[in-house]
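Structure at a glance
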Protein chains: 2
Amino acid sequence: MQIAMIGGGAVGQALGAGLIRLGHQVVIGIRSPSEAELAKPRSQAKPLAEWSAATGGRVASMAEAAAGAEVVFNTSNGAGSLAALHLAGAENLAGKLLVDVANPLDFSQGFPPFLIREFSGPTSLGEQIQAAFPRARVVKAFNTVANAVMVDPALAGGPHDLFLAGNDAAAKAEVQEIARGFGWQTFVDLGDITGARASEAILPLWVRLFVTGGSPAFNLHVQRG
Amino acid sequence: MQIAMIGGGAVGQALGAGLIRLGHQVVIGIRSPSEAELAKPRSQAKPLAEWSAATGGRVASMAEAAAGAEVVFNTSNGAGSLAALHLAGAENLAGKLLVDVANPLDFSQGFPPFLIREFSGPTSLGEQIQAAFPRARVVKAFNTVANAVMVDPALAGGPHDLFLAGNDAAAKAEVQEIARGFGWQTFVDLGDITGARASEAILPLWVRLFVTGGSPAFNLHVQRG
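Keep in mind the model is a prediction, meaning the values are calculated, not measured.

Quick look at the overall build of chain A
Of regular secondary structure, chain A possesses 11 helices and 11 strands. For chain A, the C-alpha radius of gyration of 16 Å lies close to 17 Å, the compact-globule estimate for 225 residues. The principal-axis extents of the C-alpha atoms in chain A amount to approximately 50 × 40 × 35 Å. In chain A, which comprises 225 residues, the share counted as buried stands at 57%. Nonlocal contacts in chain A, meaning residues at least 24 apart in sequence, comprise 72% of its contacts between residues at least 6 apart. Surface summary for chain A: the accessible area is close to 8500 Å², and the carbon and sulfur share equals 54%. Charged side chains in chain A number 16 positive and 18 negative. The centres of these two groups are separated by 2 Å.

Below, the structure written as structure tokens:
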């Protein structure tokens, strides 16, 4: 498949590389895909020129990446995701699976971050993205694990679960199929896109478990009686 | 041990009954322990007169319950926990293990609830209780599972974890010993009391899993690689 990553930081690079290994064509979309920009280190990640050389993936503008894609991943910073997706263009997202991987984290008071007020409580980033782009088929997924675990769930041992939320059952099934390619085996369907409130809410726990455990190689499993 | 439950709703009654089955003496503390009050149904629970008759536990004022206890459980409504613990009395909590089971849930916009703003984000109910009662040895625990699972973890199958946060390592060990009496086997230590931000943050996920799964007989397990 032709897949666009909106956002070229660590998440976009790791997920993009993983999707290329599965045989997909991946274009990372960034705001200004100039040669100078591609040579610069990205947020907690390598320069995109290096990523392209290592993976064979392309880099383009957000609009070009989204226009050419069948599936779009939102791998932008949560605080700027709505703006980034507007740059990608509503018409370029219409009818497409839009996998929202972003988390609305507020680092304004340092570490640890907490959830951005305007995207949490009785709302979530995922549902605000669905509301802003009503023709996209938004699925919140992959946002509750580290980049490395997204594309290699065996790193966290097993069993552990990928949480999904979205209004479109077929879209969620497509995400599960992609995830199975990475080795994901168990899924927790949180229902419609308001379930993004639940999976985004995990982030303070995720950060704490990362700090207390000293490794990002973990995930949650829902154990039912 | 002599144990006080501050709050006579469903959580206090279930945990109190469970502790009595383990051989402890339990007194539930409520605001106004009149005969009329004991005859009234409590929040999602039976009248306390029935609870007493069924378990042999006593009911008293919050201050009397706390004064006579070696260990105190905060089983009050999260929104009113600071007020309830002030009624219990700082002097009656000093030096004691205070197990904070409450969650700061905001039902003002109906169901599902979300975390109360003043007790979430870069703070938590657990750490505000520790700050308000600095001589109490506060441990946040049992707040991430249903009442029935608190005292009978086998209801959720296994393995699954009890999350603990607190500044006092010995106090956390005491909570683990009590929990082992109920059958708890695995514990996740979230560090000092600021770890309450992480375990309280689970609640939106808990509520969603309860709704989508149709049963409270579940819990989370942290799977590490």
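So, the sheet that holds strand 1 (residues 2-6) of chain B
All names here are of chain B. In space, the eight strands of this open sheet follow the order 3-2-1-4-5-8-9-10, with mixed pairing throughout. Strands at the two margins of the open sheet, each flanked by one partner only, are strand 3 (58-61) and strand 10 (186-189). Ignoring which end each strand starts from, the neighbouring axes of this sheet average 30 degrees apart. Across five bridges, strand 1 lies against strand 2 (residues 25-30) in parallel orientation.

Things to note about empty space enclosed by the protein
All names here are of chain A. Under the counting rule described, the total for this entry stands at one cavity of 30 Å³ or more. Surrounding the largest cavity, T144, I202, L205, W206, L209, F218, N219 and L220 form its lining. Listed by contribution, the elements that provide at least two residues to the lining of the largest cavity are helix 11 (203-213) and strand 11 (218-224). Looking at the lining of the largest cavity, its residues break down into six nonpolar, two polar and no charged.

A short note on the relation of the copies chain B and chain A
In this structure, two copies of a chain are linked by a rotation about an axis accompanied by a shift along it. Overlay of chain B on chain A (RMSD 0.0 Å): rotation 180 degrees, translation along the axis 0.0 Å. One copy is carried onto the other by what is essentially a two-fold rotation axis. By C-alpha distance to the rotation axis, the residue of chain B lying nearest is B:H221, at 2.5 Å. Residue by residue, 100% of the interface of chain B is reproduced at the interface of chain A, so both copies engage with the same surface.

Focus on the environment of A:D189
Here A:D189 lies in strand 10 (residues 186-189). Here A:D189 falls in the partly exposed class, since its relative accessible area comes to 38%. Along the primary structure A:D189 and A:A141 are separated by 48 residues, whereas in three dimensions their C-alpha atoms are 9.9 Å apart. Look past the residues within four positions of A:D189 in its chain and what remains in contact with it is A:L164, A:K172 and B:T212. Within the local environment of A:D189, its side chain forms a polar contact with the side chain of A:K172, the two groups lying 2.9 Å apart. In terms of polar contacts, A:D189 uses its side chain to reach the backbone amide nitrogen of A:G191, at 2.8 Å.

With respect to the packing of helix 1 (residues 10-21) of chain B against helix 3 (residues 48-55) of chain B
All names here are of chain B. Where helix 1 contacts helix 3, the axes come no closer than 11 Å and their chain directions differ by 15 degrees. In terms of orientation, helix 1 lies roughly parallel with respect to helix 3. Viewed along their axes, helix 1 and helix 3 form a crossing whose handedness is right-handed. Touching Q13, G16, A17 and I20 of helix 1 are L48, W51 and T55, all from helix 3. Class assignment for the residues of the contact of helix 1 with helix 3 results in four nonpolar, three polar and no charged.

Quick word on helix 9 (residues 169-182) of chain B
All names here are of chain B. Between the first and last C-alpha of helix 9 there are 20 Å, a value that for 14 residues agrees with the 20 Å anticipated at 1.5 Å per step. Every buried residue of helix 9 is accounted for by A171, K172, V175, Q176, I178, A179 and F182. One face of helix 9 carries all of its buried residues, which in axial projection span an arc of 165 degrees. Seen from the buried face of helix 9, the exposed residues on the opposite side, beyond 90 degrees, are A169 and E177.

Some thoughts on the interface of chain B and chain A
A common way to express how large an interface is: the accessible area buried when the components associate. Tallying the contact residues gives 41 residues for chain B and 41 residues for chain A. Summing both partners gives a buried area of about 3000 Å² for chain B against chain A, and 57% of it is carried by carbon and sulfur. Counting across the interface, chain B meets chain A through two salt bridges. For B:D192, the salt bridge goes to A:R208, with nearest N and O atoms at 3.0 Å. At the junction of chain B and chain A, the tally comes to 18 residue pairs in polar contact (both at pLDDT 80 or more).

A word on the packing of aromatic side chains
Considering all chains together, one arrives at eight aromatic pairs over all chains under this definition. Here the aromatic rings of B:W206 and B:F210 are separated by 5.3 Å at their centres, their planes lie at 20 degrees, and the arrangement is stacked. In this pair, B:W206 and B:F210 both sit in helix 11 (residues 203-213), four residues apart, roughly one turn of the helix. Taking the relative accessible area as the measure of exposure, B:F210 reaches 32% and is therefore partly exposed. Judged by its relative accessible area of 15%, B:W206 is buried. Here A:R224 stacks its cationic end above the ring of B:F218, 4.9 Å away from the centre of that ring.

Thresholds applied
Residues numbered from 1 in each chain as written. Chains lettered and ligands numbered in written order. Predicted model: local features only at pLDDT ≥ 70, side-chain atom pairs only at ≥ 80, totals over all residues. Heavy atoms only, no water. Helix = DSSP H or I, 4+ residues; strand = E, 2+ residues; numbered from the N terminus. Rg over C-alpha atoms; globule rule 2.2 N^0.38 Å. Buried < 20%, exposed > 50% of the residue type's maximum accessible area, 1.4 Å probe, protein only. Contact = heavy atoms within 4.5 Å. Areas by Shrake-Rupley, 256 points an atom, 1.4 Å probe, with all protein chains shown as cover. Lys, Arg positive; Asp, Glu negative; His and termini not counted. Charge placed at Lys NZ, Arg CZ, Asp CG, Glu CD. Pairing = 2+ DSSP bridges. Axes fitted to C-alpha atoms, helices over the stretch in contact; angles between N-to-C directions. 1 Å grid on protein atoms, 1.4 Å probe; cavity = no way out; pocket = protein on both sides within 12 Å on 5 of 7 lines; lining within 4 Å. Points joined across faces, edges and corners; volume = space filled by probe spheres on them. Nonpolar A, V, L, I, M, F, W, Y, C, P; charged D, E, K, R; others polar. Least-squares fit on C-alpha atoms with pLDDT ≥ 70 in both. Polar contact = N/O pair within 3.5 Å; in protein donor to acceptor, adjacent residues only side chain to side chain. Parallel < 35°, antiparallel > 145°, perpendicular 65-115°, else oblique. Left-handed = near helix turned anticlockwise from the far one by under 90°. Expected span 1.5 Å × (residues − 1). Arc of directions from axis to C-beta. Buried area = accessible area lost by both parts, 1.4 Å probe. Salt bridge = Lys/Arg side-chain N within 4 Å of Asp/Glu carboxyl O. Phe/Tyr/Trp six-rings, centres within 6.5 Å; stacked < 30°, edge-to-face > 60°. Lys NZ or Arg CZ within 6 Å of the ring centre and 35° of its normal.

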